Amino acid sequence: MRANVKNSLNYIRKITDFVPDVALILGSGLGGFTKTMEEVVCSIPYNRIPGFPVSTVSGHAGKYVMGYIKGVPVICMEGRVHYYEGYTPEEVVLPVRVMRALGAKVLFITNAAGGISEDLQPGSLVVLRDHVSLFVPNPLRGANDPSEGERFPDMTEVYDRFLRKIIEQNAARSGMPISEGVYCQLSGPSYETPYEIKILAQMGVDVVGMSTVMEAIAANHMGMNVCGLSLVTNMAAGINTERLSHNDVKMAAKDAEKRFAALITASIGDVKQYLETLDK
Ligand code: HPA
C-alpha cells in the first residue's frame, strides 16, 4: 500500500472500525447531503488526517462522514480537493484511495458542471457514460502500486453500466428528466472561453467541469465500480450570452440540492442488491 494511503488509514482506524460498501463524493451544493443520512457513525475533518489535502474553496467543507443510507454503509466526502487548488493529481485522488482502503467497493461521484449540449439547462441531471481526460494529467502517473491495480488499466467502461441503469431507473420512478452524457475535466480555475466550448462540443462532450475524471480513473484502477452524476448549474460559456460566476454555480446547485440528494439516496438503496453480485 502507498505510504500516504497507509498513514491516513492508520489514523482513521484508530478512530473507527466502520467498513463502507459505498463511497460518495459530494460536489458543489451537495454539502448538506450528509444531514439527510439516517445514521451518522463518525465524521473526520480532513485537516486532522496526517498528510491529507484540505480544500481551500468556498462551498467545499472538508470532512469524511461515515454512516448509513437506506441500510447501506457509506462513506461520504463532504468536500473534495481540486487540481486547480495546486494539489498534484496524486494528492487529488488520495481521498478516493483511502476510501477504497477502508473497504468501499462502489464509488458515486457527483459534480456541478457546465452544460454544452443545447438541451441541457441549469438543473438538468446527466449520468456519465464516459469521460475525456485528455486535458489534465493522469493521476496514475508515477510508480504503480500493483496491490492497487495494473500499470496500464483498461478504461473501456469507467462508468459501470448497471450503476448507470440504477440511477436512471430511480430518476424515471420519480419523474425526473435525466440523460446520459460525456464529461470532460479541464484544469480550471478559469472557466472556458466560448471557442473552447465550441471545440469540446465538436468532440461530442456534453458536460464540462473541473473534477471527477482523475477520481474516476484512480477508482477504476483500484477495481471499484464507479458511477458519475453531473448537475448542470449553468450553460457553458458562449452557449448563451451570460457570464459565468462561481456564485451562480453555487446558487443553482443549492436550488437542485433536494432533488439531487433524493436521487442519490434512492440509488444507493438499490445498490444493496447489486453489491451482492460483486465478488469483492
Ligand atoms: N465550466 C467548468 N466547470 C464548471 C462549470 C463550467 O461551466 N459549471 C460548474 N463547474
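We now turn to the structure provided with this report. It should be emphasised that the depicted structure is a prediction, and the values quoted were computed from it without experimental measurement.

What counts and how
- Residues numbered from 1 in each chain as written.
- Predicted model: local features only at pLDDT ≥ 70, side-chain atom pairs only at ≥ 80, totals over all residues.
- Heavy atoms only, no water.
- Helix = DSSP H or I, 4+ residues; strand = E, 2+ residues; numbered from the N terminus.
- Buried < 20%, exposed > 50% of the residue type's maximum accessible area, 1.4 Å probe, protein only.
- Near = heavy atom within 4 Å.
- Polar contact = N/O pair within 3.5 Å; in protein donor to acceptor, adjacent residues only side chain to side chain.
- Areas by Shrake-Rupley, 256 points an atom, 1.4 Å probe, with all protein chains shown as cover.
- 1 Å grid on protein atoms, 1.4 Å probe; cavity = no way out; pocket = protein on both sides within 12 Å on 5 of 7 lines; lining within 4 Å.
- Sits in = over half its atoms within 2 Å of the grid points.
- Nonpolar A, V, L, I, M, F, W, Y, C, P; charged D, E, K, R; others polar.
- Axes fitted to C-alpha atoms, helices over the stretch in contact; angles between N-to-C directions.
- Parallel < 35°, antiparallel > 145°, perpendicular 65-115°, else oblique.
- Left-handed = near helix turned anticlockwise from the far one by under 90°.
- Contact = heavy atoms within 4.5 Å.
- Core = buried A, V, L, I, M, F, W, Y, C linked by side-chain atoms within 4.5 Å.
- Salt bridge = Lys/Arg side-chain N within 4 Å of Asp/Glu carboxyl O.
- Patch = residues over 30% accessible without salt bridge, like charges linked within 9 Å, V, L, I, M, F, W, Y side chains within 5 Å.

So, unusual backbone geometry
Leaving glycine out, the prevailing phi sign among residues is negative, and the prevailing peptide bond configuration is trans.
Reasoning step 1: A cis geometry characterises the amide bond from Gly188 onward to Pro189, with omega recorded as 0°.
Reasoning step 2: Within the fold, Pro189 resides in the loop between strand E7 (178–185) and helix H4 (194–202).
Reasoning step 3: Non-glycine residue Lys70 carries a positive phi angle of around 50°.
Reasoning step 4: On the secondary structure map, Lys70 appears in the loop between strand E3 (63–69) and strand E4 (72–78).
Reasoning step 5: With relative accessibility at 44%, the residue Lys70 sits in the partly exposed group.
Reasoning step 6: Even without being a glycine, Thr212 presents a positive backbone phi close to 75°.

Observations regarding the site of the ligand
Reasoning step 1: Lining the immediate surroundings of the ligand are Ala112, Ala113, Gly114, Tyr191, Glu192, Val208, Gly209, Met210, Thr233, Asn234, Leu244 and Val249.
Reasoning step 2: Taking Ala112, its main chain carries an N or O atom lying 3.4 Å from a nitrogen atom of the ligand.
Reasoning step 3: Measuring from a nitrogen atom of the ligand, one finds a backbone N or O atom of Gly114 at 3.3 Å.
Reasoning step 4: Protein contacts shield 95% of the accessible area of the ligand, which totals 260 Å² for the unbound molecule.
Reasoning step 5: When each cavity is represented as a set of grid points, the ligand is found to reside in the largest pocket.
Reasoning step 6: Mapped by element, the contributors of at least two residues to the shell around the ligand are strand E5 (106–115), strand E8 (207–209) and strand E9 (225–235).
Reasoning step 7: Among the elements that line the shell around the ligand, the one with the most residues is E5, at 3 residues.
Reasoning step 8: Taken together, the residues of the shell around the ligand sort by class into 7 nonpolar, 4 polar and 1 charged.

Focus on the packing of helix H3 (residues 161–173) against helix H6 (residues 246–277)
Reasoning step 1: Interaxial distance between H3 and H6 falls to 9 Å at its minimum, and their mutual angle equals 130°. In this view, H3 runs oblique relative to H6, as classed from their interaxial angle. The handedness of the crossing between H3 and H6 comes out as right-handed. Every residue of H6 that contacts H3 at Phe162, Leu163, Ile166, Ile167, Asn170, Ala171 and Arg173 is listed here: Leu263, Ala266, Ser267, Asp270, Val271 and Tyr274.
Reasoning step 2: Of the residues that constitute the contact of H3 with H6, the class distribution is 9 nonpolar, 2 polar and 2 charged.

So, the nonpolar core
Reasoning step 1: Tyr64, Met99, Leu107 and Met224 are the most contacted members of the largest nonpolar core, which has 40 residues in total.
Reasoning step 2: In this structure, Leu24, Val72, Val106 and Ile268 belong to the second largest nonpolar core, which totals 34 residues.

Points about the pattern of salt bridges
Reasoning step 1: What the rule picks out here adds up to 10 salt bridges.
Reasoning step 2: With its nearest N and O atoms 3.5 Å apart, the salt bridge here joins Arg2 to Glu90. Here Arg2 is found in the segment before helix H1 (3–15), whereas its partner Glu90 is found in helix H2 (residues 89–102), with 88 residues between them in sequence.
Reasoning step 3: With a relative accessible area of 13%, Arg2 lands in the buried category.
Reasoning step 4: Between Arg173 and Asp270 there is a salt bridge whose closest N-O contact spans 3.5 Å. Of the two residues, Arg173 sits in helix H3 while Asp270 sits in helix H6, which places them 97 residues apart along the sequence.
Reasoning step 5: Members of the salt-bridge network, linked through shared partners, are Arg2, Glu90, Arg97 and Glu148.

Some remarks on a nonpolar patch on the surface
Reasoning step 1: Taken together, the side chains of Leu134, Phe135, Tyr195, Ile199 and Met203 make up a nonpolar region of the molecular surface, amounting to roughly 540 Å² of accessible area.
Reasoning step 2: On the basis of relative accessibility, which here comes to 55%, the residue Tyr195 falls in the exposed class.

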